[in-house]
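# Per-entry structural report
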Amino acid sequence: MRALDAARDTCERYLPGLLGALAEHSLDDLERPDSPAIGLFRSHGGPALVIPKTYSGLGAGPREAVEVTRALAAASPSLAVATTMHHFSVATLFSLADSLQSSGVEWALLEGIVEQNLLVASGFAEGRPGRGILEPTMEARLDEGGKGYRINGSKKPCSLSSSMDLLTASVALPAADGTSEMAVLLVPRQTEGVTVHPFWSSWALAGAESDEIRLTDVLVDEQQVMRTELGDSGELDELQTVGFIWFEMLISASYLGIASALAERVTTAGRGSVSERAQLVTRLETASLLLEGVARMIEDGETDNAALGKSLVARYGAQDAIGETVRRAVELLGGMAFISSGDVGYLAAASNGLSFHPPSRSSFAEPFVEHVGGKPLRLA
């Protein structure tokens, strides 16, 4: 399938040998909790993928990142989902490193990620009914010894929980006036008080290592804290907005890759009529074009509040196209394909995950309608 082959070519250009190494394992092996996929991603230089060459990274731009993610997802859905969390975290870091808010620590950290092949997990809040997606699950208090802050809380699920070297996490810091302010923390995995606990029970996407990370009286100093705030109308700040746009783009690309793997099976086997196959691929590539549009926005420097709204529209449009493609592909492949191999059923099940990532369609509705009417988009 032309588009998927092009994505594989891009992946091979940036991460040579990775797809071949993944192909040596069955889908079942790659999707298990003890999957070798994340280790292979690390050993092939994957952590440096989207980090600009300025910081010694591989310099893949947003469009290339979408293609690499699509190719990896077609081979191992769990790997694509897990590494999306790394990529959007480091995209936030290099956006901060390039801003006036930079302390210089981010530059050194990015180079360290490249040189040591470090993986960054995301501990941002999400997916909890009745609470905002950016509402911190972790709290901080001033350290009695005056060394910084003591952090307590947990993130579940948290992809890359077993393989991470660094954790980025949202936290509520105590302010001098008795209120709290939002901040983002950078916590090394080996820090005392950071522990991992079983959480993910589903067989789908089990290779993403999405277990619980707990922080118990973890000490962090000011250099590990990046303060964020909402705008006057409740919109996200620049740092959060950039990170969220990258996240929506790449998590959608992950599920695009899963649907692509099923569609490729249809076209390779010549299932259905020519018109049915054409309709299937057309619907799939609709999602691809939507995500390419988001990537081009980022490349053009369009990463403001309005761009966040556009990226979410693209995500939901892609989500609908992906869902329709998967259903039709499974139908065209037929019952024998479903029965004779667990891969078809697994890919179909895993493809539904996009609907579970934040924000939910229902929680997005009211803020989006207000945004359409001229107000800033508020997701907090």
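Let us look at the structure shown here.

What counts and how
The numbers attached to residues start from 1 for each chain and follow its sequence in the written order. The predicted nature of this model means local features are confined to residues of pLDDT at least 70 and side-chain atom pairs, given and counted, to a pLDDT of 80 or more, with totals for whole chains, interfaces and linings taken over all residues. Values shown for side chains rest on all heavy atoms present in the structure; no hydrogens or waters enter the calculation. The helix count covers DSSP runs of H or I at least four residues long, the strand count covers runs of E at least two residues long, and both are numbered beginning at the N terminus. Put simply, the radius of gyration uses C-alpha atoms, and a globule should come to 2.2 Å times the residue count raised to 0.38. Contacts were defined at the residue level, with two residues in contact if any of their heavy atoms lie within 4.5 Å. Note on areas: Shrake-Rupley with a 1.4 Å probe; residue coverage comes only from the protein chains shown. Side-chain atoms within 4.5 Å are what join buried Ala, Val, Leu, Ile, Met, Phe, Trp, Tyr and Cys residues into a set we call a nonpolar core. Classification of residues uses two cut-offs on accessible area relative to the type maximum, computed with a 1.4 Å probe and protein chains only: under 20% is buried, over 50% is exposed, and between them is partly exposed. Here an angle of 0 to 180 degrees is reported between the N-to-C directions of two axes, which are lines fitted to C-alpha atoms, with helices fitted over the stretch in contact. Angular relationships are summarised with four words: roughly parallel below 35 degrees, roughly antiparallel beyond 145, roughly perpendicular across 65 to 115, and oblique for the angles in between. Residue polarity is assigned by list, with Asp, Glu, Lys and Arg as charged and Ala, Val, Leu, Ile, Met, Phe, Trp, Tyr, Cys and Pro as nonpolar; anything else, Gly included, falls into the polar class. Classification of ring pairs uses Phe, Tyr and Trp, with its six-membered ring standing for Trp, and accepts pairs whose centres are within 6.5 Å; under 30 degrees between planes counts as stacked, over 60 as edge-to-face, and the remaining range as tilted. For a helix, the expected span equals 1.5 Å multiplied by the number of residues minus one. A strand pair is defined by DSSP finding two or more bridges across the two strands. It is the rotation of the near helix from the far one that decides the hand of a crossing: anticlockwise by less than a right angle makes it left-handed, clockwise makes it right-handed.

The next thing to look at is the overall build of the protein chain. Secondary structure assignment for the protein chain yields 12 helices and eight strands. Against the globule reference of 21 Å for 380 residues, the protein chain gives a C-alpha radius of gyration of 20 Å, in line with a compact fold. On the principal axes, the C-alpha backbone points of the protein chain span a range of 70 × 50 × 40 Å. The contacts in the protein chain between residues at least 6 apart in sequence include a share of 75% that link residues at least 24 apart. Summing over all exposed atoms, the protein chain offers an accessible surface of approximately 16000 Å²; the carbon and sulfur share of this is 52%.

The biggest cluster of nonpolar side chains holds 123 residues, and the ones touching the most others in it are Ile-151, Leu-167 and Trp-246. Ranked by residues supplied to this core, first place goes to helix α8 (residues 238-269) with 18 residues. If we skip the residues at most four places from it in the chain, Ile-151 touches Met-138, Glu-139, Ala-140, Val-171, Leu-185, Leu-215, Thr-216, Asp-217, Val-218 and Val-220.

Look at helix α1 (residues 2-14) against helix α5 (residues 62-75): their axes get within 8 Å of each other, and the N-to-C directions meet at 105°. Here α1 is positioned roughly perpendicular relative to α5, judged by the angle of their axes. Contact residues: α1 offers Ala-3, Leu-4, Ala-6, Ala-7, Arg-8, Thr-10, Cys-11, Arg-13 and Tyr-14, while α5 offers Glu-64, Glu-67, Val-68, Arg-70, Ala-71, Leu-72 and Ala-74. Its residues placed into classes, the contact of α1 with α5 shows 10 nonpolar, one polar and five charged.

This part covers the side chain of Thr-69. Inspection of the secondary structure assignment puts Thr-69 in helix α5. Setting aside residues no more than four positions away along its own chain, Thr-69 makes contact with Ala-80, Thr-84, Leu-250, Ala-253 and Ser-254.

To continue, consider the packing of aromatic side chains. All told, the structure shown has six aromatic pairs when counted by the stated rule. Ring centres of Trp-203 and Tyr-346 lie 5.4 Å apart, and the angle between their planes is 50°; this geometry places the pair in the tilted category. Pair noted here: Trp-203 is in the loop between β6 (194-197) and β7 (211-220) and Tyr-346 is in helix α11 (residues 342-350), with a separation of 143 residues, a long-range link. Using a relative accessible area of 54% as the deciding quantity, one classes Trp-203 as exposed. Among the aromatic residues, those joined into a cluster by ring pairs are Phe-88, Phe-244 and Phe-247.

With that settled, the discussion passes to the environment of Ser-162. Along the chain, Ser-162 falls in the loop between β3 (149-158) and β4 (166-174). It is 9.7 Å that separates the C-alpha atoms of Ser-162 and Glu-212, two residues lying 50 residues apart in sequence.

The subject of this paragraph is α8. A rise of 1.5 Å per residue sets the reference length of α8, with its 32 residues, at 46 Å; its end C-alpha atoms lie 47 Å apart and thus fit the reference within 8%. A large share of α8 lies buried, amounting to 27 of its 32 residues.

This part takes up unusual backbone geometry. A cis amide bond links Lys-156 to the next residue, Pro-157, at an omega of -5°. Here Pro-157 shows up in strand β3. In this structure, Pro-359 follows Pro-358 across a cis peptide bond, with omega equal to -10°. Within the secondary structure, Pro-359 is located in the loop between α11 and α12 (361-372). With a phi angle near 65°, Leu-160 is a residue other than glycine that sits in the positive phi range. With a phi angle near 60°, Glu-209 is a residue other than glycine that sits in the positive phi range.

Let us look at the pairing of strand β2 (residues 138-142). Where β2 lies against β3, five bridges are found, and the strand directions are antiparallel. Paired with Ala-140 across the two strands is Ile-151, which belongs to β3. Here β2 hands over to β3 after six residues, with Gly-146 in that stretch at a positive phi of 75°. Sheet analysis places β2 next to β4, joined by two bridges and oriented parallel. By the bridge assignment, Met-138 is partnered in β4 with Val-171.

Looking now at the packing of helix α6 (residues 77-97) against helix α7 (residues 105-116). It is at 9 Å that the axes of α6 and α7 come closest, and there the two elements cross at 145°. Between α6 and α7 lies a crossing of left-handed hand. Taking contact as the criterion, the partners of His-86, Val-90, Leu-93, Phe-94, Leu-96 and Ala-97 in α6 are, on α7, Glu-106, Trp-107, Leu-109, Leu-110 and Ile-113. Among the residues making up the contact of α6 with α7, the classes are represented as nine nonpolar, one polar and one charged.

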